Amino acid sequence: MNILTVRDLCAGYGATDVLHKVSFTVEQGSIVALLGANGAGKTTILRALSGLLPSRGLVEFGGTDLRQCSPARRVELGLAQIPQGRGTFGDFTVEENLAIGAYTINSKRQIKEDMERWYTAFPRLAERRRQQSGNLSGGEQQMLALARALMSRPKLLMCDEPSLGLAPAITEQIFEIFKSLNHDHGMTLLVVEQNADLTLQFAHTAYVLEAGDITVSGPASDLLRNEAVQQSYLGV
Amino acid sequence: MNGTRLFQSAPAALVTAVALCLPFLAPDFMLFEFSIAVCYGIAILGLNLLLGFSGQICLAQGALFGIGAYATAILNVNFGMDPIATLPFAAIITSLIGVLIGLPALRLQGLQLAIVTFGVASAFPQLLLKMDWITGGVTGLATDQPLAPKWFPGSQELWLYGLSLICAAISVFMLRRLLRGDTGRLMRALRDNPLIAESLGVNLTKARLAAFAASSALAGLGGGLFCILNGFISPQSFLPMKSIDILIGGIVGGITSMAGAFIGAVFIVFVPGWTTDINPALGGLIYGLCLIAMMMVARQGIAGLPIGRSLQALGGIFNKKDLSRVPGPLPGQLGGE
Amino acid sequence: MVLFFQLLIDGLASGAIYASLALALVLIFRATRIVNFGQGEMATLSAYCAWQLCEWGLPVALSFLIVGAASFLLGVFVFRAVIKPVSKAPVETIVVITLGLFVFFQSLCLWLWRADQRAFPAMFPSGGWDILGVRVTASALCILLVLLCLAATMGAIFRFTRLGLAMRASAYSSEKSLLVGIRVERMLMLGWGFAATIGFIAAVLVGPRLFLSPTMMLPILLYALASATLGGWDSPLGALVGGLIVGVAESLGATFLPFIGADLRVVIPIAVTLVILLVRPVGLFGSSTVVKV
Ligand SMILES: Nc1ncnc2c1ncn2[C@@H]1O[C@H](COP(=O)(O)OP(=O)(O)OP(=O)(O)O)[C@@H](O)[C@H]1O
Ligand SMILES: [Mg+2]
């Protein structure tokens, strides 16, 4: 079953469209990778899906047509995004970041539980709970951004270049977390990445975006072997 | 946009044409009001230089305007100079004081500068009262009016109007030279991105002070002219609201347009009067609404309205020479790589 | 020395008034990066309404409550009708619009209530205490108390409540806030509403000291602008401290600096602000994120 269906999505900035009728689906419980060169429009897709950009075309999420939904409503429905770059609120403490991540959750108990859970998963954040998040290192911030997004208990988590500016070891760690989220909690993930090699090893399905068009799609293992993809993105 | 090219645009042509036709259309008392508008226009030009071309908000323009006016009056009353001959001095004196005000601007950022300079504007009338041994205090100063020479065929108002236009023309001319030259380039770099400009070796201090000096000189010239036109000045003419009015005029006209400066000046001179004519009690109310509605429609100022732009396009048709100088792809190349 | 402490107390009391209007300005600035030049005049309108309700025979407390709520709605309305449509316009445009609000509300008061001054109902007990020769009036104390309560309430809301957290988040980054499910526009609207109510409180504090008149908030606006600037535009704490500094400096300077005296006292807040900005360009408690207007 598809949790997300995107058909003929067009979006852009001002008069010119960046996306030209993009269509793809994300299956419930899978990890989907979205690859593409700089400026291909990956971030634009995620922004359109979160409702930050006006768009045309069909976007269906868990059976709901998202076109009438405000960005806030989309979060309530279970769509979370970790934006590209620093996804944290720099002048908030770590704890406040997590609290604001749970803005759509009404149960105090659940918020508390989740916080403890992610503190256990990310001990570095627990040590720094009263510290301003702007002073965390890049990797810690990325973890915080991830934990913050998870606080809203998303059904589909979209990550925009989680590996940006991180050491390979930390990147790997983050991908391991993705894997366990997917495997243990059945969370669906849509991951935008430059690091195609690593991403394709973790993902089930992958799409390649070129200049606002999906040009290649299929199971991740196929893409790993696809010559065109290898040449452009894997540097083989 | 480039300052020099802006001047050649259609709003400029329109404003010039209207200004030259006015003597044949408007009665004398209106001509007087237009002369007043011209001297505000000169001060607004100065403000635009700061705001539009170097990105600094100065809310002391009304005070500088006042300094120019008092310079003219004092030179005339105490030293017996011919009023018209005092104008260059008014500009220079104001320019020096403007640089003094500009010194802190070297470290202040937009909003802070605006508020500090507004403080200067608020203190100015009080300062005038305090220095009554030279400013005449509340009673103000009365100056000689330059009478029209015998050979001049028109009325006294027309003579003063002509004088104002000449001052305006000189101001525009000087400003264009400034913007075209190195200093102008510095100032534009400063507005677009101070950090990058500085890292490229632009001397920020010099550019900012130059902008302040030129802007204040224009305010002083406008003020001096204002004094001559009125023949009398007092602290009452330079309340802090004057600085706000000048700012409003600048923005309403469009801050990167020289023609806009004069359009804005006409706006602040006439519109409050009209709204009071519509209904004396509700004048201010209508003026406030006018301002709000105006800016909601014309976000870039009047000179930036589509009408202005389409006129500009029309101007392009008649001015082929200009077209060929516009950088960018030729029509045949549009879209091709 | 007695004179010094007397002036200090007086200065703190007026400073509290500047601080409360500065709080309103900072609240709006944090949320929308706009300086609302009309804030003081909106407060004047509220004060007049409160006065009118009292004139009509309503109890003072009740009419203040009603007007406090109405001010909130006024702020919300101004945001929706005027500010939201131009939220993407250049700053200069917005500056003129808020100046338009200034003109509009001032003329509205002038039209509805004419220029004559009216006596505002006294709210604070009269009387006071002499402590070692320094006269501490009850009203000065009450003004300070009101300010402290206001500041404490605001601080608590921003730090401990979901609503406050969401408002801070919206002020920090609207995009990231949307991504966690905050209805940012609603938060900005609330910000304008709260600011209008706080402005009303400022006007209520001024009312009994001056008389009501359509231009009564104009000097206060200037001092509040200076307070917010020297405190740092994005810091409520800065507005608070800035207001008190400006009030004290004004009161002391006007007496102890002979060449300034009472006529030139308006110079003092500006001079103090300038000095502080030269030392600390972002203001006392500002963060460096404030770039341009
Ligand atoms: N705010 C914006 N305004 C105008 N154009 C934009 C804006 N953001 C992005 N673009 C343009 O849209 C196109 C796609 O940008 P997008 O950010 O979606 O690329 P991307 O695939 O995420 O690239 P990267 O891998 O570098 O993050 C680019 O050509 C970019 O220049
Ligand atoms: Mg991107």
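Conventions used here
Residues numbered from 1 in each chain as written. Chains lettered and ligands numbered in written order. Predicted model: local features only at pLDDT ≥ 70, side-chain atom pairs only at ≥ 80, totals over all residues. Heavy atoms only, no water. UniProt positions renumbered as here; feature names shortened; annotations may be inferred. Contact = heavy atoms within 4.5 Å. Buried area = accessible area lost by both parts, 1.4 Å probe. Salt bridge = Lys/Arg side-chain N within 4 Å of Asp/Glu carboxyl O. Polar contact = N/O pair within 3.5 Å; in protein donor to acceptor, adjacent residues only side chain to side chain. Nonpolar A, V, L, I, M, F, W, Y, C, P; charged D, E, K, R; others polar. Helix = DSSP H or I, 4+ residues; strand = E, 2+ residues; numbered from the N terminus. Donors = N, O, S within 2.8 Å, 3.2 Å for Na, K, Ca; no water. Buried < 20%, exposed > 50% of the residue type's maximum accessible area, 1.4 Å probe, protein only. Domains from an automatic or database assignment. Axes fitted to C-alpha atoms, helices over the stretch in contact; angles between N-to-C directions. Left-handed = near helix turned anticlockwise from the far one by under 90°. Near = heavy atom within 4 Å. Areas by Shrake-Rupley, 256 points an atom, 1.4 Å probe, with all protein chains shown as cover.

The name given to chain C in an unreviewed UniProt entry is Branched-chain amino acid ABC transporter permease, and the organism recorded there is Phyllobacterium brassicacearum. If you open the UniProt record of chain C and go to Sequence similarities (unreviewed entry), you find "Belongs to the binding-protein-dependent transport system permease family. LivHM subfamily."

The name given to chain A in an unreviewed UniProt entry is ABC transporter ATP-binding protein, with the source organism recorded as Phyllobacterium brassicacearum. Under the heading Sequence similarities (unreviewed entry), UniProt records this for chain A: "Belongs to the ABC transporter superfamily."

The interface is formed by 39 residues belonging to chain B together with 44 residues belonging to chain C. Buried area between chain B and chain C, summed over both chains or domains, comes out near 3,700 Å², and the portion from carbon and sulfur atoms is 78%. If you sort the residues of chain B by the area they bury against chain C, B:Leu111, B:Ile115 and B:Arg299 come out on top, with a joint share of 17%. Viewed at the interface, chain C and chain B are joined by 0 salt bridges. At the junction of chain B and chain C, the tally comes to 3 residue pairs in polar contact (both at pLDDT 80 or more). Tallied by class, residues from the side of chain B that touches chain C come to 26 nonpolar, 9 polar and 4 charged.

The interface is formed by 18 residues belonging to chain C together with 28 residues belonging to chain A. Contact with chain A buries surface across chain C, with C:Arg162, C:Leu179 and C:Val180 losing the most and accounting together for 34% of the total. The interface formed by chain C and chain A contains 4 salt bridges. At the junction of chain C and chain A, the tally comes to 7 residue pairs in polar contact (both at pLDDT 80 or more). Elements with a contribution of two residues or more to the side of chain C that touches chain A: α6 (162–172) and α7 (174–179) of chain C. It is α6(C) that provides the largest number of residues to the side of chain C that touches chain A, a total of 6 residues. Within the side of chain C that touches chain A, the residues separate by chemical class into 9 nonpolar, 3 polar and 6 charged.

Quick look at the side chain of B:Lys242 now. All names here are of chain B. Of note, Lys-242 is situated in helix α12 (residues 240–253). For Lys-242, the side chain forms a polar contact with the side chain of Tyr-40, separated by 2.6 Å. Apart from residues no more than four positions distant in its own chain, Lys-242 is found in contact with Tyr-40, Gly-62, Phe-65 and Ser-237.

Here we come to the coordination of the magnesium ion (ligand 2). Residues and elements named next belong to chain A. With distances of 1.8 to 2.2 Å, the protein atoms coordinating the magnesium ion (ligand 2) are Thr-43 (OG1) and Gln-84 (OE1). Of this pair, Thr-43 sits in helix α1 (residues 42–50) while Gln-84 sits in the loop between β6 (79–82) and α3 (94–101), and the two are 41 residues apart along the sequence. Note on Thr-43: relative accessible area 25%, which makes it partly exposed.

Right, let's get into the domain arrangement of chain A. All names here are of chain A. Examined at the domain level, chain A breaks down into domain 1 (2–78 + 155–234) and domain 2 (88–153). A C-alpha centroid distance of 23 Å is found between domain 1 and domain 2. Contacts between domain 1 and domain 2 engage 14 residues on the former and 13 residues on the latter. Buried surface at the junction of domain 1 and domain 2, both sides included, amounts to about 1,000 Å², of which 80% is carbon and sulfur. Looking at the side of domain 1 facing domain 2, the largest losses of area belong to Val-75, Leu-157 and Ile-177, adding up to 30% of the total buried there. Linking domain 1 with domain 2 are 0 salt bridges. If you look at where domain 1 meets domain 2, you find 0 residue pairs in polar contact (both at pLDDT 80 or more). Looking at the side of domain 1 that touches domain 2, the elements with two or more residues in it are α2 (71–77) and α7 (168–185). The greatest single-element share of the side of domain 1 that touches domain 2, amounting to 7 residues, is contributed by α7. Classifying every residue of the side of domain 1 that touches domain 2 gives 10 nonpolar, 2 polar and 2 charged.

Attention now goes to the UniProt feature "transmembrane region" (unreviewed entry) in chain C. Residue and element names in this part refer to chain C. Mapped onto this numbering, the UniProt entry gives "transmembrane region" (unreviewed entry) at residues 7–29, 60–82, 94–113, 133–158, 187–205, 211–230, 237–260 and 266–291. Its end C-alpha atoms 32 Å apart, residues 60–82 is made of 100% helix and 0% strand. Along residues 237–260 the backbone is 83% helical and 0% strand, and the end-to-end C-alpha distance reaches 29 Å.

All names here are of chain C. Running from N to C, helix α1 (residues 2–32) and helix α10 (residues 236–256) cross one another at 145°; their axes reach a closest spacing of 5 Å. Of the two elements, α1 crosses α10, and the hand of that crossing is right-handed. When grouped by side-chain class, the residues that make up the contact of α1 with α10 number 19 nonpolar, 6 polar and 2 charged.

A few words on the site of ligand 1. All names here are of chain A. The full set close to ligand 1 counts 13 residues, and Asn-38, Lys-42, Thr-43, Thr-44 and Gln-194 are the nearest of them. Interatomic distance of 2.9 Å between a backbone N/O atom of Gly-41 and an oxygen atom of ligand 1. Between an oxygen atom of ligand 1 and a side-chain N or O atom of Thr-44, the distance comes to 2.4 Å. Taken by itself ligand 1 offers 630 Å² of open surface, and the protein chains cover 58% of this. The element contributing the most residues to the shell around ligand 1 is α1, with 3 residues. Its residues assigned to classes, the shell around ligand 1 shows 4 nonpolar, 7 polar and 2 charged.

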